[in-house]
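Residues per chain are reported as follows:
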Amino acid sequence: MVQELVVAITAAFSASVVYVAAGARVVKQYERGVVFRLGRLAGEVRSPGFTMVVPFVDRLRKVNMQIVTLPIPAQEGITRDNVTVRVDAVVYFRVVDAANAIVQVEDYRFAVSQMAQTSLRSIIGKSDLDDLLSNREKLNQGLELMIDSPAIGWGVQIDRVEIKDVSLPETMKRSMARQAEADRERRARIINADAELQASKKLAQAAEVMSEQPAALQLRLLQTVVAVAAEKNSTLVLPFPVELLRFLERAQAGQQPVQPQQATPPAVDRQPGVAPVEPPVTPERLGRTLGALGLPEAFADTDGLDTDGLGIPDTFGILGEPRVPLDPEGPERPEGPRSPDGFGNGAGPSGNGAARPSGTAEERAEPETPTS
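Rules and cut-offs
- Residues numbered from 1 in each chain as written.
- Predicted model: local features only at pLDDT ≥ 70, side-chain atom pairs only at ≥ 80, totals over all residues.
- Heavy atoms only, no water.
- Helix = DSSP H or I, 4+ residues; strand = E, 2+ residues; numbered from the N terminus.
- Buried < 20%, exposed > 50% of the residue type's maximum accessible area, 1.4 Å probe, protein only.
- Contact = heavy atoms within 4.5 Å.
- Areas by Shrake-Rupley, 256 points an atom, 1.4 Å probe, with all protein chains shown as cover.
- Pairing = 2+ DSSP bridges.
- Axes fitted to C-alpha atoms, helices over the stretch in contact; angles between N-to-C directions.
- Parallel < 35°, antiparallel > 145°, perpendicular 65-115°, else oblique.
- Left-handed = near helix turned anticlockwise from the far one by under 90°.
- Nonpolar A, V, L, I, M, F, W, Y, C, P; charged D, E, K, R; others polar.
- Salt bridge = Lys/Arg side-chain N within 4 Å of Asp/Glu carboxyl O.
- Core = buried A, V, L, I, M, F, W, Y, C linked by side-chain atoms within 4.5 Å.
- pLDDT = per-residue confidence, 0-100.
- Lys, Arg positive; Asp, Glu negative; His and termini not counted.

**Here's the deal with the overall build of the protein**
Then, in step 1: Along its length, the protein carries 11 helices and eight strands.
Then, in step 2: Within the protein, the fraction of its 372 residues that count as buried is 21%.
Then, in step 3: If you take every contact in the protein between residues at least 6 apart in sequence, the share linking residues at least 24 apart comes to 60%.
Then, in step 4: With an accessible surface of roughly 27600 Å², the protein has 56% of that area assigned to carbon and sulfur atoms.

**Some points on unusual backbone geometry**
Then, in step 1: Phi at Leu38 takes a positive value of approximately 55°, unusual for a residue other than glycine.
Then, in step 2: In the Ramachandran plot, Asn82 falls in the positive-phi region, its phi being about 60° despite a non-glycine side chain.
Then, in step 3: Examined against the element boundaries, Asn82 turns out to sit in the loop between strand E6 (68-78) and strand E7 (84-95).
Then, in step 4: The class of Asn82 is exposed, set by a relative accessible area of 66%.

**Digging into the sheet that holds strand E2 (residues 31-37)**
Two modes of strand pairing occur in sheets, parallel and antiparallel, and in both the strands are linked by backbone hydrogen bonds.
Then, in step 1: Taken in spatial order, the three strands make up an open sheet running E3-E2-E5, and their pairing is antiparallel. Of all the strands in the sheet, just strand E3 (40-41) and strand E5 (58-64) have a single pairing partner and so form its edges.
Then, in step 2: Alignment of E2 against E5, held across seven bridges, turns out to be antiparallel. Opposite Glu31, over in E5, you have Asn64 as the bridge partner.

**Observations concerning the packing of helix H3 (residues 108-126) against helix H5 (residues 136-151)**
Then, in step 1: Taken N-terminus to C-terminus, the directions of H3 and H5 make an angle of 140°; their axes are 9 Å apart at the nearest point. Judged by the inter-axis angle, H3 sits oblique to H5. For H3 against H5, the interelement crossing comes out right-handed. Contact residues: Met115, Ala116, Ser119, Leu120, Ser122 and Ile123 in H3; Leu139, Gly142, Leu143, Met146, Ile147 and Pro150 in H5.
Then, in step 2: Residues of the contact of H3 with H5, tallied by class, amount to nine nonpolar, three polar and no charged.

**Remarks on the pattern of salt bridges**
It is possible for side chains bearing opposite charge to pair when their charged atoms get close.
Then, in step 1: For the coordinates displayed, the defined rule picks out eight salt bridges.
Then, in step 2: Asp159 is paired through a salt bridge with Arg94; the nearest N and O atoms lie 3.6 Å apart. On the criterion of sequence distance, the pair formed by Asp159 in strand E8 (residues 156-167) and Arg94 in strand E7 is long-range, its members being 65 residues apart.
Then, in step 3: Look at Arg94 and you get partly exposed, because its relative accessible area is 29%.

**Points about the environment of Val20**
Then, in step 1: Here Val20 is to be found in helix H1 (residues 2-23).
Then, in step 2: Between the C-alpha atoms of Val20 and Val54, which are 34 residues apart in sequence, the distance is 8.5 Å.

**A word on the nonpolar core**
Then, in step 1: Ranked by size, the top nonpolar core spans 37 residues in total, and within it Val85, Val91, Phe93, Tyr108, Val112, Val156 and Ile158 carry the most contacts.
Then, in step 2: Within the residue set of this core, elements represented by two or more residues are E2, E6, E7, helix H2 (98-103), H3, helix H4 (129-134), H5 and E8.
Then, in step 3: Take this core: its biggest share by element is seven residues, from H3.
Then, in step 4: Formed by five residues, the second largest nonpolar core is a distinct cluster that contains Val35, Ala42, Val53 and Leu60.

**A short note on the confidence of the model for the protein**
Then, in step 1: Averaged over the protein, the pLDDT score is 74; the fraction of residues at 70 or greater is 66%.
Then, in step 2: Per-residue pLDDT stays below 50 along residues 298-337; that stretch engages in 44 contacts with residues further than four places along the chain or on separate chains.
Then, in step 3: Contacts for the low-pLDDT stretch residues 339-366, under 50 throughout, to residues beyond four places or in other chains number 34 contacts.

**Regarding the sheet that holds E8**
Then, in step 1: With respect to topology, three strands assemble into an open sheet ordered E6-E7-E8, the strand pairing being antiparallel. Each edge of the open sheet is held by one strand with a lone partner, namely E6 and E8. When strand polarity is set aside, the average angle formed by the axes of neighbouring strands in this sheet is 25°.
Then, in step 2: Note that E6 and E7 share nine bridges and pair antiparallel. Each residue of the ladder has a partner; that of Thr69, found in E7, is Tyr92.
Then, in step 3: Against the sheet, H3 makes contact with E6, E7 and E8, and its axis sits at roughly 35° relative to E6, the strand it touches most.

**Section: the packing of helix H6 (residues 170-212) against helix H7 (residues 214-230)**
Then, in step 1: At a minimum axis separation of 4 Å, H6 and H7 run at an interaxial angle of 115°. Contacts from Met210, Ser211 and Glu212 of H6 reach H7 at Pro214, Ala216, Leu217 and Arg220.
Then, in step 2: Class assignment for the residues of the contact of H6 with H7 results in four nonpolar, one polar and two charged.

**What to know about the side chain of Glu31**
Then, in step 1: Structurally, Glu31 is set in strand E2.
Then, in step 2: The buried charged residue Glu31 lacks any salt bridge, with Lys62 as its nearest oppositely charged partner at 4.4 Å.
Then, in step 3: Once residues within four sequence positions are removed from consideration, Glu31 is found in contact with Pro48, Lys62, Val63 and Met65.

Structural data, given as C-alpha cells:
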C-alpha cells in the first residue's frame, strides 16, 4: 500500500514538473511578451525575464522592441518641375506599444514599408528637383511626419527617415554639368576682369610717376632687357618706339617723286557713212606700226611720208592723205550696218556693195571711164 502511494506521489510530482516546464517562458531584454488566453489579450505585457503562462491555454507572442532599419525600394516619379527621377530612402522605426503592434495591425513591418513607399512618391510629386538635391533635410522631416501619422495607432514610432539617392536621366546630368561649367566660366571671367581693372589702375599710377621722371622709363627698359638676357636664349627683344616709325613713314612719304601722267591719244570721231579722219602720222607712230607688223623701220620714208620704196605704208593706209568718201558732196547714203573693219570698206546697206578702191588721193579723185 505504501509502495503504491509513493508511486502516485512521484507521478503527480512528475506531472506537475512537466506542466510547470510547459508553461515557463523567458523574455529577452529587447523583447516584450503579449499573452493571449483563449484568444483574448490577457493581462499586461510581460516584461523581460522569466514568466509563466498556462500551458495549452495561454499563447505568448514576443515583440522585438529594437530599432528596425527598413529600406524603401527606389520609387520613380515626376517632380513638380516635370523631371523624371528615381528616389530611394531608408526608414528607422521601433515598436513602443507591443500590444497594439500585434492587435491593431496584421504585420506592422509590411504596413510601415507600404506607407513609406506611398509617402515617398507623394514627396517626389510635391518637390522640385533642386529641393531633392540640395534641401533634403526638409524633405526628410516632411516624409517622417507623413509616415509617423498613421503609425502611431499601430504602436510604432518613426525615429528617422533618410533619402539615400536621387537618380537622374543622363540628359539631365549633361544639362546640369553644362550649367555648372557656364557658371564657373562666368565667375572666372568676372575675377579676370576685376584683376585687369586693378592692374590697369596700378599701371596708370606707375605711368604717372614715370612721367614726372623720364629717366625712370629708361631705367625700367634696361631692367626689362636685363631680365630677358638672364634667360638662356639667343634672341633679345628690344622695344622700338612707335613714334620713330611714324616719323620715318612721314619722311618717306614727303620724298616720294610724282609719276608723270601719260598723255592720252586724241579720240577719233566716227560718223555713220563717213570714213574717219585719222590723225597725222608721226615718226613715233610709224615706228610703232611697223614694229607691230614685224617690218623694219627702213621701209618707211619718214622725211616726206610718201609712197616711195615698196609702198607698204600706203598699202596699210598709214602714209598718204586721209581717206575720204568717193562723192563727199553727193546725196547722203542710207544708214546701214557697219562693216567689220569699221571704216565702211565692206558691204553697203544692201549687203552686196563693191569694195572701195585703194590708192592715192589723185587716183581716187579721177572718175573711171566706162568701157563698152
